[in-house]
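Spelled out from the first residue to the last, the chains are:
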Amino acid sequence: MSNKTTDKSYLEAVNEAISEELASDEDVVFFGEDIGMYGGAFGAARGLWEKYGSSRVVESPISENSFTGIAIGAALTGLKPIVEIMFMDFITLAMDQIVNHGTKFRYMYGGQVTVPIVIRTPGGGGRRYGSSHSQSLEGWFLRVPGLRIAVPSNPSDAKWILRYAVQDKNPWLVVESKKLYGTRGKLGNGLRLPIGKAEVLREGAEITIVTYSRMVHESMEAAEVLKAEHGIDVEVIDLRTLNPLDVETVFDSVKKTGRAVVVEEGCLTGGVGAEIASRISENCFDILKVPVKRIAAPDSPVPMSPVLEDFVLPSAGRIISELKDFL
Amino acid sequence: MIDIKEFDRELLLKLYKTMVLIRLFEKKIEYGFSRNQIHGTTHLCIGQEGTAVGVCSHLRDTDYAVSTHRGHGHSIGKGLEPLPLMAEVMGKQGGYCKGKGGTQHVAFLKKGFLGTNGITGGGLPIATGAAFTIKQKKRDDISVSFFGDGAVAQGTFHESLNMASLWNLPVLFVCENNMYGMSTHVSKTVSGGSIAERGAAYGIESISLDGMNVLEVYEKTGELIKKMRGGGGPKLIECHTYRYSGHSKSDMRIYRTREEENEYKKKCPIKRLQKEMIEAGVETEEKFVTIQKEISITMTDVYQEALDMPFPDTSEALKEIFFE
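Residues numbered from 1 in each chain as written. Chains lettered and ligands numbered in written order. Predicted model: local features only at pLDDT ≥ 70, side-chain atom pairs only at ≥ 80, totals over all residues. Heavy atoms only, no water.

Details of the packing of helix H1 (residues 10-24) of chain A against helix H7 (residues 155-167) of chain A
Residues and elements named next belong to chain A.
Inference 1: Contact pair H1 / H7: the axes reach a minimum separation of 8 Å and the direction vectors enclose 25°. Relative to H7, H1 is oriented roughly parallel. Crossing hand, H1 versus H7: right-handed. On H7, the residues that touch Tyr-10, Ala-13, Val-14, Glu-16, Ala-17, Ile-18, Glu-20, Glu-21 and Ser-24 of H1 are Pro-155, Ala-158, Lys-159, Leu-162, Arg-163, Val-166 and Gln-167.
Inference 2: Taken together, the residues that form the contact of H1 with H7 break down as nine nonpolar, two polar and five charged. (Axes fitted to C-alpha atoms, helices over the stretch in contact; angles between N-to-C directions. Helix = DSSP H or I, 4+ residues; strand = E, 2+ residues; numbered from the N terminus. Parallel < 35°, antiparallel > 145°, perpendicular 65-115°, else oblique. Left-handed = near helix turned anticlockwise from the far one by under 90°. Contact = heavy atoms within 4.5 Å. Nonpolar A, V, L, I, M, F, W, Y, C, P; charged D, E, K, R; others polar.)

Description of the side chain of Ser177(A)
All names here are of chain A.
Inference 1: Within the secondary structure, Ser-177 is located in strand S7 (residues 172-177).
Inference 2: Accessibility expressed as a relative area gives 3% for Ser-177, which makes it buried.
Inference 3: Setting aside residues no more than four positions away along its own chain, Ser-177 makes contact with Tyr-10, Gly-123, Ser-213 and Arg-214. (Buried < 20%, exposed > 50% of the residue type's maximum accessible area, 1.4 Å probe, protein only.)

Examining the pattern of salt bridges
All names here are of chain A.
Inference 1: Applying the stated criterion across every chain, the model contains 47 salt bridges over all chains.
Inference 2: Put simply, Lys-256 and Glu-235 hold a salt bridge, and the shortest N to O gap is 2.5 Å. With Lys-256 in helix H9 (residues 247-257) and Glu-235 in strand S11 (residues 234-238), this pair connects stretches of sequence that are 21 residues apart.
Inference 3: Linked by salt bridges that have partners in common, Lys-8, Glu-16, Glu-20, Glu-21, Lys-159 and Arg-163 make up one network. (Salt bridge = Lys/Arg side-chain N within 4 Å of Asp/Glu carboxyl O.)

Brief notes about unusual backbone geometry
Generally, phi is negative for residues other than glycine and the peptide bonds are trans, each holding for most cases.
All names here are of chain A.
Inference 1: The linkage connecting Asn-243 with the following residue, Pro-244, adopts the cis geometry, with an omega of 5°.
Inference 2: The residue Pro-244 is located in the loop between strand S12 (241-243) and H9 in this model.
Inference 3: If you check the backbone angles, Arg-128 has positive phi at about 65° while not being a glycine.
Inference 4: Tracing the backbone through its elements, the reader meets Arg-128 in the loop between strand S5 (118-123) and helix H6 (138-141).

Examining the domain arrangement of chain A
All names here are of chain A.
Inference 1: Each assigned domain of chain A is listed with its residue range as follows: domain 1 (7-186) and domain 2 (199-326).
Inference 2: Listed by partner, the interface residues are 26 residues for domain 1 and 23 residues for domain 2.
Inference 3: For the domain 1 and domain 2 pair, buried surface summed over both sides reaches about 2100 Å², with 53% attributable to carbon and sulfur atoms.
Inference 4: Area buried by domain 1 at its contact with domain 2 is led by Arg-128, Leu-142 and Val-151, which between them contribute 30% of it. (Domains from an automatic or database assignment. Buried area = accessible area lost by both parts, 1.4 Å probe.)

Remarks on the interface of chain A and chain B
Interface size is commonly expressed as the accessible area that is lost once the parts come together.
Inference 1: Listed as interface residues are 42 residues of chain A and, on the opposing side, 41 residues of chain B.
Inference 2: Regarding the contact of chain A and chain B, the summed buried area is about 3300 Å², with carbon and sulfur atoms giving 64% of it.
Inference 3: Of the charged contacts in the structure, one is a salt bridge between Lys137(B) and Asp27(A), with a shortest N-O distance of 2.6 Å.
Inference 4: Counting across the interface, chain A meets chain B through 16 residue pairs in polar contact (both at pLDDT 80 or more).
Inference 5: When residues of the side of chain A that touches chain B are traced back to their parent elements, those giving at least two are strand S2 (28-32), strand S3 (57-59), helix H3 (64-76), helix H4 (95-102) and helix H5 (105-108) of chain A.
Inference 6: With nine residues, H3(A) is the single largest residue contributor to the side of chain A that touches chain B.
Inference 7: Here the side of chain A that touches chain B is composed, by residue class, of 17 nonpolar, 18 polar and seven charged. (Polar contact = N/O pair within 3.5 Å; in protein donor to acceptor, adjacent residues only side chain to side chain.)

Details of the environment of Gly32(A)
Residue and element names in this part refer to chain A.
Inference 1: Relative to the helices and strands, Gly-32 is located in strand S2.
Inference 2: The buried category is assigned to Gly-32, whose relative accessible area is 0%.
Inference 3: In this structure the C-alpha to C-alpha distance between Gly-32 and Gly-53, which are 21 residues apart in sequence, comes to 14 Å.
Inference 4: Ignoring sequence-local partners within four residues, the contact set of Gly-32 consists of Val-58, Glu-59, Ser-60, Phe-67 and Glu-84.

Digging into the packing of aromatic side chains
Geometry of an aromatic ring pair is reported as the spacing of the ring centres plus the angle between the planes.
Inference 1: Applying the stated rule across the entire model yields 19 aromatic pairs over all chains.
Inference 2: Both rings, one in Phe31(A) and one in Trp167(B), keep their centres 6.0 Å apart while their planes meet at 40°; by these two values the pair is tilted. Of this pair, Phe31(A) sits in strand S2 while Trp167(B) sits in the loop between helix H6 (155-166) and strand S3 (171-177), which puts the two residues in different chains.
Inference 3: On the accessibility criterion, Phe31(A) (0% relative accessible area) is buried.
Inference 4: Aromatic ring contacts, followed pair by pair, group Tyr10(A), Phe42(A), Phe87(A), Phe90(A), Tyr129(A) and Tyr181(A) into a single cluster.
Inference 5: Residue placement shows Arg148(A) over the ring face of Phe322(B); its charged tip is 3.6 Å from the ring centre.
Inference 6: The aromatic ring of Phe311(B) is capped on one face by Lys92(B), whose charged end is 4.8 Å from the ring centroid. (Phe/Tyr/Trp six-rings, centres within 6.5 Å; stacked < 30°, edge-to-face > 60°. Lys NZ or Arg CZ within 6 Å of the ring centre and 35° of its normal.)

Description of the sheet that holds strand S2 (residues 143-148) of chain B
All names here are of chain B.
Inference 1: Taken in spatial order, the five strands line up as S1-S2-S3-S7-S6 in an open sheet, and their pairing is parallel. Single-partner strands in this sheet number two, and they are strand S1 (64-66) and strand S6 (205-210). When strand polarity is set aside, the average angle formed by the axes of neighbouring strands in this sheet is 20°.
Inference 2: Bridging between S2 and S3 involves six bridges; their strand directions are parallel. Each bridged residue has a counterpart across the sheet, and for Ser-143 the counterpart in S3 is Val-171. (Pairing = 2+ DSSP bridges.)

Okay, structure coming up:
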């Protein structure tokens, strides 16, 4: 149950995490577009420029590749930069610095260096922004060795995983959900679960749903309806991070239910679900009662028109209709 | 005009020896490929030694440098030792990066050398970011970004110069214009005048130098660096130079004439300095013969020693992907 007075929104949680890191560690610097007086396109930077000044909250020109590279160069030489990429779609402009530089330096240089950088960006759709402002591209980054990936589904994880990532010596990509920015919850005093551990949000005996970020909420809603209206007992797992990927928690659940479904917001082909389905098939083949199912967006750009966007992006309704006859 | 008489004899000898060391180091790499003892690819800077040495001779260990795919000169100029560098080029465990990086990805942080770089233009933001750290920590060091004429067509060139200027970062952009981005002549890739002139668009003081003249590079770079330390902001140098070898080991150089190559070989920065030092009475011809012989013997030993080193154990392949 949400409490308006003590709870914080997902966006406030992110803002609080950045603010606390800037306050507690002078090596932390923040780069991004419009993060000054404007407070960031979605408001994640609100109040930070006023509080910490322009030398640490560095309003950057629209040059994603190079300000990400500058942050990587700064990380290589002793700072702990946070980078905001305004929309996840724009991370395409910074791919060279992320893929060929920041995530490879430690390995290529024989372990001499660390690159403690956090790139945080709002991904996903549901806000009628159209094809270049709504993508879920995290699946691409599963194939980038050396990169940690967080996909928080709630305010508490959004805050504490971000704080952990800033202090961790590895490069992190934190994919926030812009659709979840307004959702509220308790932040608590720290991580409820260790980094790299998935959370079983709802126990169930018949189907395991493996999901993350916004699809956690759609899956939880679907699970309630499936139980109430169809008598199907669904377990829901929130992965929380895609790297590390906590397959053990997934396998333990699938061994119990014998049925696995992966729900993600991004495109079906070559996605996060494809990877997890493979792992489940490789490790739980003897236990599976049916093939692993993937629920994802079709291999289509995300359209703007509300009717079309709602048709393309997975939802509780679609999860229910695909699973009500799954047993 | 550069007057050699104003240079200290020891400094002249140091500049000379470092250029010869780079030249003979790379000759050994060329030899290694011909004997099938070195694998992969390599990009030699033979002919360009004057820019690497003229710039790097001003740098402290706490200054940073980010290099390019053509980076052996910058590596040695920044103080890396030939043996672990050769071992790295060969992919040996005893290399600076345990053989995992190779020629295009070798770094040595203790000397402020942030790495050669396999992506054209990829190093500019990295060097600019290192300059950001210097400014943030209120140090009086500088960061040097080496790149070629090919890299100025990349977005990172424009983006990095822009931010370096906006944020007044102590980064020295050094363009080694050897006239060819792989095979493509600079006249086909750079519009609107010289590369040095582009600095003005970003409010960056820029100069154009004869990269085949190490003394000119040394003197003019020194003047710029003096202005940069302690808050002077970014500067840009364009060094006109020439690589005698092809772009990489497999390049047959069909895009340029042997006559052009011979013209530039007459301008060899090593021969030029040697001639000027003899004419100025600083050193005798015999001294240079001795220096060359000594470095040649050293390089033969370095080559053999690196060749005899073991390759890394396969267990190394999956280490250091993350900090654990």
